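# Architecture at a glance
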Amino acid sequence: MLKIILPTIMLLPTALLSPPKFLWTNTTLYSLLIAALSLQWLIPTYYPYKFLSNWTGIDQISSPLLVLSCWLLPLMIMASQNHLQQEPLQRKRIFISTLVAVQPFILLAFSTTELALFYISFEATLIPTLILITRWGNQPERLSAGIYLLFYTLVSSLPLLITIMHLYVKIGTLHLPTLQLTHPTLSTSWTGMLSGLALLMAFMVKAPLYGLHLWLPKAHVEAPIAGSMLLAALLLKLGGYGIMRVTLFMGPLSNLLHYPFLTLALWGALMTSSICLRQTDLKSLIAYSSVSHMGLVIAAGMIQTHWSFSGAMILMISHGLTSSMLFCLANTNYERTHSRILLLTRGLQPLLPLMATWWLLANLTNMALPPTTNLMAELTIMITLFNWSAFTIILTGIATLLTASYTLFMLLMTQRGSIPSHITSMQNSTTREHLLMALHIIPMFLLILKPELISGIPS
C-alpha cells in the first residue's frame, strides 16, 4: 500500500519544483506511472485481504475503486491543461498540488481497515475539493456552491463521528474485519435505529440520495473540469463504498430504515432523470444523471445481497469512467464556445467530427447499451430489486427509459441541428483531448471482456 501512497505524496515536490517547461510532462507521466503500478491490486487472490498492514488492507470491494482513483489523477491533470494556460506559473503549481493532495486521502479512505481513520480521510477529502471549487471555479456563484458542499457534508457527518465513538465504547474496537466477526452490534432498539441512521446518513448525502442531493448540481456546475471529474468519479463513490462497508457489519437493517432510503433512491432515479429532460445547462444535466445512477447504487446497497453488492460495485466503476468522460467532453465544448447552455452550443458535429465520435461513445455507455458494463450492472441491480419486491420493476423500468431519452436528447442537442449564428470559427480538437477521451473509454471496453475484476466477488 505504501508503495503507492508514498509516490503519490512525492508528486507534491514534483509539482512544486519541476522546471516550468516540464511541469505538465513530469506530473502527468509520474501519475500515469503510479496508475500503472496500482493495477497490481486487481490480481485475484483467495485471501479476504490483500496487502494487509496495520491500518490498511485491500479486499474485493475496495481494489477496483482504488485503481480507479489512481487512474483518474493523470486524466485530471491532462484535462486541466488548457484552462490553466493563462495563469501564472505559481498558480499552476498550487493547482496541481491541490489535486495531488486529495489523492492520498482518497486512497486511505478506500483502503483503510479502521473506522476512525476512514472517517478522518473521508472528511479530509472535503478540504482540497472546496479549495478547487471556490478558487478555480468559473462564476462568482462558486462561493455559494462551496458553502452548500461544506454544510451538507459537515451536518451529515457529525452524527457519523458520534456513532463511531459510540460503537468504540460498546465493542472496544473499530477494526473492520473484527467488526464483521462480532455479532450485529446494533439492536432493534431506538438507539440502534438512530445509530444506524447516523451511520448511513453521511454516506447518503455523499452518494447523494435524492432529497439530499442539492449540493451536487451546484458544485458540479461551478467546479473547474478537474473538480467535476474528482466529484463525479471519486467522491460520489466514497458514499456508495461507505454504505457497502457499514451495512456489512450492521446486520440486517430494520424495515423502518430500509424503506425510506429505498423508496427515495428509486423515486429519485426517476425524478432526476425527468429533471434531466428539461435541463438547459449541459454540466447540470450530467450532474443530475449521476444522481440517478447513484440512486441505483444506494438501493442495491440497502438490500445487502451478494448480487446487489456486485451490481453496485460494477455500476460505481463504470459510472466513474462514463460521467468523468462526459464532463471532459462538456469541458471541450465550454472551452471553445464559453457557454454551457445547450441551445448555444448545438450542431457541433460538422465542426468537430472526431469529437462527435467520442460524444456518441460516451452517451452510449451512459445509457447502458449492451455489451457495456453499465448494462450488466443495471441489469444485476434490477434483478435483485425485482427479487426483493416485484413492484420496483415499474420504477426501475421507467428510470431506464428516461435515462435513454435524456442521453439521446443530450447527444442530439450538442451534435445535431443547425449551427448557431454566433459561432463563426472553432478551434480544432487537440491530440491531448483525444488521448484523454481514449484513456477514459479504453478501460471501459477492456472491462467488458473481464467484468469479474470489478464485480466485488472474491475470485
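The residue numbering used here restarts from 1 in each chain and proceeds along that chain's sequence as written. Totals for whole chains, interfaces and linings use all residues, but because this is a predicted model, local features are given only for residues with pLDDT of at least 70 and pairs of side-chain atoms are given and counted only at 80 or more. As a convention, hydrogens and water are excluded, and side-chain values are obtained from all of the structure's heavy atoms.

## Some words on the overall build of the protein chain
The following threshold applies: Counting from the N terminus, the helices are DSSP H or I runs at least four residues long and the strands are E runs at least two residues long. Burial here depends on accessible area, computed with a 1.4 Å probe over protein chains only, as a share of the maximum for the residue type. Under 20% is buried, over 50% is exposed, and the range in between is partly exposed. By definition in these notes, contact holds between two residues if any of their heavy atoms fall within 4.5 Å. Only the protein chains shown count as cover for residues, with accessible areas throughout obtained via the Shrake-Rupley method and a probe of 1.4 Å. The charge count includes Lys and Arg as positive and Asp and Glu as negative, but it does not include His or the ends of the chains. Lys charges are placed at NZ, Arg charges at CZ, Asp charges at CG and Glu charges at CD.
The secondary structure content of the protein chain amounts to 18 helices and 0 strands. With respect to the three principal axes, the spread of C-alpha positions in the protein chain is 65 × 55 × 45 Å. When the 459 residues of the protein chain are sorted by exposure, 60% land in the buried category. Intrachain contacts of the protein chain at a sequence separation of at least 6 include 82% that bridge at least 24 residues. For the protein chain, the exposed surface amounts to about 18,100 Å²; the carbon and sulfur share of it is 72%. Within the protein chain, one finds 21 positive and 11 negative side-chain charges whose respective centroids are separated by 5 Å.

## Describing the packing of helix 12 (residues 255–277) against helix 13 (residues 282–303)
Test applied: Orientation is described by axes fitted as lines to C-alpha atoms, over the contacting stretch for helices, and by angles from 0 to 180 degrees between their N-to-C directions. Oblique is the label for any angle not covered by the other classes, which are roughly parallel (under 35 degrees), roughly antiparallel (over 145) and roughly perpendicular (65 to 115). Handedness of a helix crossing follows the sense of rotation of the near helix relative to the far helix, less than a right angle counterclockwise being left-handed and clockwise being right-handed.
Two elements in contact, helix 12 and helix 13, have axes whose closest approach is 8 Å; the angle formed by their N-to-C orientations is 155 degrees. Accordingly, the angle class assigned to the pair helix 12 and helix 13 is roughly antiparallel. Between helix 12 and helix 13 lies a crossing of left-handed hand. In this structure, helix 12 contributes Leu257, His258, Phe261, Leu262, Ala265, Leu266, Ala269, Thr272, Ser273, Ile275 and Cys276 to the contact, and helix 13 contributes Leu285, Tyr288, Ser289, Val291, Ser292, Gly295, Leu296, Ile298, Ala299, Met302 and Ile303.

## A few points about the pattern of salt bridges
Close approach of charged atoms allows side chains of opposite charge to pair. Inclusion rule: Salt bridges are counted wherever a side-chain nitrogen of Lys or Arg sits within 4 Å of a carboxyl oxygen of Asp or Glu.
The final tally for this structure, using the stated rule, is 6 salt bridges. Note that arginine 432 is salt-bridged to glutamate 433, the shortest N-O span being 3.8 Å. The pair arginine 432 / glutamate 433 is uniform in exposure class, with both members buried. Taking the shortest distance from any N to any O, the salt bridge between glutamate 452 and lysine 450 comes out at 3.3 Å. By sharing partners, the salt bridges in this structure join Arg336, Arg432 and Glu433 into a single network.

## As for the packing of aromatic side chains
How we decide: Two rings from Phe, Tyr or Trp (for Trp, the six-membered ring) form a pair when their centres are within 6.5 Å of each other. A pair whose planes differ by under 30 degrees is stacked, one over 60 is edge-to-face, and the rest are tilted.
One pass over the structure, following the stated rule, counts 8 aromatic pairs. Seen from their ring centres, phenylalanine 95 and tryptophan 136 are 5.0 Å apart, and the 80 degrees between their planes marks the pair as edge-to-face. Of the two residues, phenylalanine 95 is situated in helix 4 (residues 89–111) and tryptophan 136 in helix 6 (residues 126–136); the sequence distance between them amounts to 41 residues. Judged by relative accessible area, tryptophan 136 falls into the buried class, the value being 6%. Here the aromatic rings of tyrosine 148 and tyrosine 152 are separated by 6.1 Å at their centres, their planes lie at 25 degrees, and the arrangement is stacked.

## Description of the environment of proline 353
Here proline 353 shows up in helix 15 (residues 353–366). Residue proline 353 is classed as exposed on the basis of its relative accessible area of 53%. As a C-alpha pair, proline 353 and leucine 266 span 87 residues in sequence and 37 Å in three-dimensional space.

## A short note on unusual backbone geometry
A cis amide bond, omega 5 degrees, links proline 370 with the succeeding residue proline 371. Of note, proline 371 is situated in the loop between helix 15 and helix 16 (373–388). With a phi close to 60 degrees, alanine 368 is a non-glycine residue in the positive phi region. Checked against the element boundaries, alanine 368 lands in the loop between helix 15 and helix 16.

## A short note on a nonpolar patch on the surface
For clarity, the threshold we go by: Residues enter patches when they are more than 30% accessible in relative terms and free of salt bridges; like-charged ones are connected within 9 Å and nonpolar ones (Val, Leu, Ile, Met, Phe, Trp, Tyr) within 5 Å.
On the surface, a cluster of nonpolar side chains totalling about 480 Å² of accessible area is made up of Phe386, Phe391, Ile393, Ile394 and Ile398. For the nonpolar patch, the element with the highest residue contribution is helix 17 (residues 392–415), accounting for 3 residues. With a relative accessible area of 43%, phenylalanine 386 lands in the partly exposed category.

## Some points on the packing of helix 13 against helix 14 (residues 306–337)
Going by this rule: Each residue gets one of three labels, nonpolar for Ala, Val, Leu, Ile, Met, Phe, Trp, Tyr, Cys and Pro, charged for Asp, Glu, Lys and Arg, and polar for the others, Gly among them.
Relative orientation of the contacting elements helix 13 and helix 14 amounts to 175 degrees, with a least axis distance of 9 Å. The orientation of helix 13 with respect to helix 14, classified from their angle, is roughly antiparallel. Along its contact with helix 13, which presents Leu282, Lys283, Ile286, Ala287, Ser290, His293, Met294, Leu296, Val297, Ala300, Gly301 and Ile303, the element helix 14 presents Ser308, Phe309, Ala312, Leu315, Met316, His319, Ser323, Leu326, Phe327, Ala330 and Asn333. Residues of the contact of helix 13 with helix 14, tallied by class, amount to 15 nonpolar, 7 polar and 1 charged.

## Section: helix 1 (residues 2–17)
Where we set the bar: A helix is expected to span 1.5 Å for every residue after the first.
In this model, helix 1 (16 residues) spans 23 Å end to end at C-alpha, consistent with the 22 Å of a helix rising 1.5 Å per residue. Turning to helix 1, the residues buried within the fold contact helix 2 (23–38), helix 3 (62–79) and helix 4.

## Remarks on the UniProt feature "domain: NADH:ubiquinone oxidoreductase chain 4 N-terminal" (unreviewed entry) in the protein chain
Rules: UniProt positions are given in the numbering used here, feature names are shortened, and annotations may be inferred rather than shown by experiment.
Feature annotation in UniProt assigns "domain: NADH:ubiquinone oxidoreductase chain 4 N-terminal" (unreviewed entry) to the following positions: residues 1–108. Secondary structure content for residues 1–108 is 65% helix and 0% strand, and the end C-alpha separation is 9 Å.

## A word on the side chain of threonine 272
Applicable threshold: Any pair of N or O atoms that falls within 3.5 Å is considered a polar contact. Within protein, one atom must be able to donate a hydrogen and the other to accept it, and sequence-neighbouring residues count only if both atoms are side-chain atoms.
Position of threonine 272 relative to the elements: it lies in helix 12. Here alanine 269 takes part through its backbone oxygen, which lies 3.4 Å from a polar atom of the side chain of threonine 272. The residues contacting threonine 272, other than those within four sequence positions of it, are Tyr210, Tyr288, Val291 and Ser292.

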